[in-house]
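# Commentary on secondary and tertiary structure
Okay, here's what each chain looks like letter by letter:
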There are 2 protein chains.
Amino acid sequence: MTQRALPASIPVDSGRICAELQELAAFTGGEPPGVTRVVFTHADRDARQWLAAKCREAGLETREDGVGNFFARWVGSDARLPAVGTGSHTDAIPNSGIYDGTVGVLGGLEAIRALRESGFVPKRSIELLMFTSEEPTRFGIGCLGSRLLSGRACIESVDRLRDGDGGSARDAARAAGFDGDLESVRIAPDHYGHFVELHIEQGPLLEREGIPIGIVTAIAAPASLRVAFAGEGGHAGTVLMPDRRDALTAAAELALEVERAGRESESPDTVATTGVFRPFPGAVNSIPSRCELEIDVRDTSEGSRDGAVARIVSAARRIADARSVAVEIETVNSDPPAVCDPTVVAAIRGAVAAEGLSAREMVSRAYHDSLFMATLTRTAMIFIPCRGGISHRPEEYASPGDIRAGVAVLARTLAALSSSQAGE
Amino acid sequence: MTQRALPASIPVDSGRICAELQELAAFTGGEPPGVTRVVFTHADRDARQWLAAKCREAGLETREDGVGNFFARWVGSDARLPAVGTGSHTDAIPNSGIYDGTVGVLGGLEAIRALRESGFVPKRSIELLMFTSEEPTRFGIGCLGSRLLSGRACIESVDRLRDGDGGSARDAARAAGFDGDLESVRIAPDHYGHFVELHIEQGPLLEREGIPIGIVTAIAAPASLRVAFAGEGGHAGTVLMPDRRDALTAAAELALEVERAGRESESPDTVATTGVFRPFPGAVNSIPSRCELEIDVRDTSEGSRDGAVARIVSAARRIADARSVAVEIETVNSDPPAVCDPTVVAAIRGAVAAEGLSAREMVSRAYHDSLFMATLTRTAMIFIPCRGGISHRPEEYASPGDIRAGVAVLARTLAALSSSQAGE
């Protein structure tokens, strides 16, 4: 690998990318300043069109697959070689920030533009990706696009997923203008030779230590569960306490067990969260007959993660028994952790050095499309700091200087990987 | 008081009222067989028009007040005397049954028709009422119409109430075609001389004991609270457990305290329910930054009810302190219990005897518009059995025979009260 073809300074335009982040933020289904961009909604579809136009303006060849994963290719001088992939997602959970995912997509585009403007000519093609539904908001499963692309998703399971209106991902993709042919999304293993994703840290370490670049060496193992308790409804005034089979109080007991499973894990890395809690009918004077929970559990150690999940599942059964309510438990996903690829990590290290920056190696506790790309090709991630470690909230913030540094490191990494020989 | 003007058998048409209950059930905002008729929605407005037409068909004079309370008057021979009121509500919580409230409104109409068909001529006018928003679904407070009518609601407090879209009751009433002049709703204390409400029991006692009529001598004291915990949101993967201030787990802890406040009360009558539980943002991979609860507490003893409320409020503060989250606590309502009027109770007893039925005296643990009418005029209630004591669910059921018996007792009670002298 060599960076000799690159100038001392890569012409990354932080004004351009920050303006584009703001433009993209305007595609939202909710009230600003929060961003709500749920997959296949109008906001998501408008954002996709805007992005595709930007990529074509930059001279890239664009295409989409059946589930709406988006590809923009800068064709290399030896286009038969496996490509170098980069990218992330642009969907956003309700009332979220403007940097999560978008910095990796617009940063990838800016890196390509900066390389092109510097006169660099790639040997391997460089391909920018925007993955469909990294966020689990609509269908309850994260990284839908990259799971399908890498062949890590079971099509039958994906077809069983439903959104809040009872619709399937396949139908929603069709309604959004894609062909919905999920079977065709899987990409050939030799399509990419490497993949690198730029992302905000979503945690406090880089800011706290004053380090501009994180080199991700592993991604924590995520799991999520859907649990539904079914008891007996009734009038809140007339059913006496001993006669009740309240689904909400069963669910409340489980939410506290979820918290304990995180707090009391033997691993300090275990996190366990109840993010969704839906009682039915949800009226102040009605005993809830049903209550649905969605639970997220993660750890860098798959064993500790599985231990916490097992504790939660057994608590759900014990609570249901003790309260004479029914319980349904569904494991939505339970993925192994990823170890990042040494070749890509080395390329990032070289880029950091060439930019004269400091960096630290770190684990990603959030999961990313890279978790699934890592099962397909040699993969690593570049993190930049975000203020206070805050993410998934309107207050999420990454500075123009940190974004510029991240994009410059990404550009040099892409250049190095694009110039690499087969097998490197 | 006399019932001599009445025939031995009142011609109550149970086929007609049961058919009308089914017709009314068709006005729903949700999926049948459940009924969802939230105040001022299309379903509610259509049901109101249908009811007004039925009342005009029956020869009654109809009017509405500023908040949509509906009145249908059978003018008596001495129309200067205070009227006899009867009625209930037709709004329904989400996915509810078809008998709660409606039996009192359509039963009141049927009683008037039956009396008219039997040749009875009232001395005092008989007025059928349909109260606006007995259910607290939309604005969080029950008996909105009868509270305003009786002057028991503070207009400033009502104006502060908001529905899920942030709208006020005044604005929603206007949008539904009423004048929204809440100040004008209060009725003169001498407008009514008596009020009697027919209702399904919403509890199991009458069915269990095989008794067709309950004579309500007291109505339990209701209270409701809104509690909101505000912590700190964040990414469910990246914020470690010791760094969290999770609003949902604080709320879960309180929901279990609410249950304990009911179970462990020194009064076996205390019931305490969390019916609404709303985390924000409500995404599986996001730590909830805010969680809102709506809590209902009742007892036939005001002291026991207040004791349970105090325990819940102090638990909310203790939980907030221990978890370093903020808490807001709002008492939406806290009403005294009602003792029913002996004159009206005696009239019901006489009607039960004339119909050759058995009855038992009982307390209503559910609250009703009668709780507020009792502060305005001499008031009591007639209960009929409902299957399994079930209410607020699609399975709610009252038999044609029990409905017929209740309407006949109501008709005789109205006739007796209508014939009573001033001061009786």
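For the structure given in this document, a descriptive report is provided here.

Thresholds, definitions, all that
Residues numbered from 1 in each chain as written. Chains lettered and ligands numbered in written order. Predicted model: local features only at pLDDT ≥ 70, side-chain atom pairs only at ≥ 80, totals over all residues. Heavy atoms only, no water. Helix = DSSP H or I, 4+ residues; strand = E, 2+ residues; numbered from the N terminus. Buried < 20%, exposed > 50% of the residue type's maximum accessible area, 1.4 Å probe, protein only. Contact = heavy atoms within 4.5 Å. Buried area = accessible area lost by both parts, 1.4 Å probe. Salt bridge = Lys/Arg side-chain N within 4 Å of Asp/Glu carboxyl O. Least-squares fit on C-alpha atoms with pLDDT ≥ 70 in both. Polar contact = N/O pair within 3.5 Å; in protein donor to acceptor, adjacent residues only side chain to side chain.

### As for unusual backbone geometry
- With an omega of 10°, the peptide bond between Pro32(A) and Pro33(A) qualifies as cis.
- Look at the link from Phe280(B) to Pro281(B): it is a cis peptide, with omega at 5°.
- Following the sequence through the fold, Pro281(B) ends up in the loop between strand S11 (271-280) and strand S12 (286-287).
- The phi torsion at Ser133(A) lies on the positive side, around 50°, for a residue other than glycine.
- With respect to the secondary-structure elements, Ser133(A) resides in the loop between strand S6 (126-130) and helix H4 (144-150).
- A residue is classified by how much of its surface remains accessible, and Ser133(A), at 2% relative accessible area, is buried.
- A positive phi angle is found at His392(B), which is not glycine, with a value near 60°.
- Mapped onto the elements of the fold, His392(B) is located in the loop between strand S17 (378-384) and helix H12 (400-418).

### Structural notes on the interface of chain B and chain A
- Taken together, the contact pairs 57 residues of chain B with 57 residues of chain A.
- Overall, the association of chain B and chain A removes approximately 4900 Å² of surface from exposure, summing both partners, and the carbon and sulfur fraction of that is 61%.
- Inspection of the region where chain B meets chain A yields 4 salt bridges.
- In this structure, the salt-bridge partner of Arg393(A) is Glu232(B), at a minimum N-O distance of 3.6 Å.

### Comments concerning the relation of the copies chain B and chain A
- If you rotate chain B by 179° and push it 0.1 Å along the axis, it lands on chain A with an RMSD of 0.1 Å. Taken together, the turn and the small shift mark the pair as related by a two-fold rotation axis. When C-alpha positions in chain B are compared against the rotation axis, the closest is assigned to Ala252(B), at 2.2 Å.
- A symmetric contact is evident, with 100% of the interface residues of chain B recurring at the interface of chain A.

### Quick notes on the side chain of Ser267(A)
Residue and element names in this part refer to chain A.
- With respect to the secondary-structure elements, Ser 267 resides in the loop between helix H8 (247-263) and strand S11 (271-280).
- The exposure class of Ser 267 is buried, given its relative accessible area of 11%.
- A polar contact is formed between the side chain of Ser 267 and the side chain of Asp 299, at a distance of 2.7 Å.
- If sequence neighbours within four positions are ignored, Ser 267 has contacts with Asp 299 and Ser 304.

### Considering the side chain of Ser125(A)
All names here are of chain A.
- Mapped onto the fold, Ser 125 is located in the loop between helix H3 (102-117) and S6.
- Relative accessible area serves as the criterion here: at 0%, Ser 125 is assigned to the buried category.
- One polar contact links Ser 125 to Arg 73, side chain to side chain, over a distance of 3.3 Å.
- At 2.9 Å, the side chain of Ser 125 and the backbone nitrogen of Gly 76 are in polar contact.

Interpretation in functional terms is not warranted from these geometric data alone.
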